[in-house]
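Each chain, letter by letter, is given below.
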Amino acid sequence: DRLLAERSLEYLKALIRIDSTNPPGNETRVAAWLKQVADAEGIPCQLLGGDPERLNFVARLPGSGVERPLLMMAHSDVVPADPAQWEAGPFSAEVIDGRLYGRGALDDKSLLAAEMAVLVELKRRGVRLRRDVIVLAEADEESGSTGIRWLIENAYAAIEAEFAINEGGFAMETAG
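Because the structure is predicted, anything quoted here is derived from the model rather than measured.

So, how was this worked out
- Residues numbered from 1 in each chain as written.
- Predicted model: local features only at pLDDT ≥ 70, side-chain atom pairs only at ≥ 80, totals over all residues.
- Heavy atoms only, no water.
- Helix = DSSP H or I, 4+ residues; strand = E, 2+ residues; numbered from the N terminus.
- Rg over C-alpha atoms; globule rule 2.2 N^0.38 Å.
- Buried < 20%, exposed > 50% of the residue type's maximum accessible area, 1.4 Å probe, protein only.
- Contact = heavy atoms within 4.5 Å.
- Areas by Shrake-Rupley, 256 points an atom, 1.4 Å probe, with all protein chains shown as cover.
- Lys, Arg positive; Asp, Glu negative; His and termini not counted.
- Charge placed at Lys NZ, Arg CZ, Asp CG, Glu CD.

Next up on the list: the overall build of the protein chain. Along the backbone of the protein chain there are 5 helices and 7 strands. Ordered by position in the sequence, the α and β elements of the protein chain form the string α-α-β-β-β-β-β-α-β-α-α-β. At 16 Å, the protein chain has a C-alpha radius of gyration in line with the 16 Å of a compact globule built from 176 residues. C-alpha atoms of the protein chain, sized along the principal axes, occupy 50 × 35 × 30 Å. By residue count, 44% of the 176 residues in the protein chain fall in the buried class. For the protein chain, contacts bridging at least 24 residues in sequence account for 74% of all contacts bridging at least 6. Accessible surface for the protein chain amounts to roughly 9200 Å². Of this, 52% is attributable to carbon and sulfur atoms. Mean positive and mean negative side-chain charge positions of the protein chain (19 and 29 charges, respectively) differ by 7 Å.

Omega for the peptide link from Pro 23 to Pro 24 comes to 5°, which places this bond in the cis form. Of note, the bond from Asp 107 into Asp 108 is cis; its omega dihedral lies within 30 degrees of zero at 15°. For Asp 108, the location among the structural elements is in the loop between β5 (99–101) and α3 (109–125). Backbone geometry places Asn 26, a non-glycine residue, at a positive phi of 55°. Using a relative accessible area of 16% as the deciding quantity, one classes Asn 26 as buried. Positive phi, normally seen in glycine, also occurs at Asp 97, with a value near 50°. Tracing the backbone shows Asp 97 in the loop between β4 (94–96) and β5.

Written as structure tokens, this is what we have:
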């Protein structure tokens, strides 16, 4: 659907413009922007983590509970970028010859933008969900994975799900 694609692109451009280079991370900037979007759409969300500068964003669209939740996750940090090596600024979200340039365009803000756009679309359409749908923007994936570790150790109920969709090619089963 064209509107969903446009919303995803709008979100991606906004996310690219937020410098969340790791180190130091500052993923709370991304989490706060996502919270503004979720709040404006009436989607319950929270910022969670042990470091105020590196918070995770968790939004949950409630379903009927007939099935266990689906977790859609992506990380909010990016690796360092040397502006001298870029055709456009790494945080410009500039479109040149039909291509969007910016750190995180592929890894992993594009996935985060798409997942958030889908969550908003589900809410706007009033889709009757059989399961909760959770979006997680994870801090510190590029360096130490402290964001997901903190969530697992301190707030697992916020992200507990039957299955998760992420960028990687890794599977892990947890107790429960």
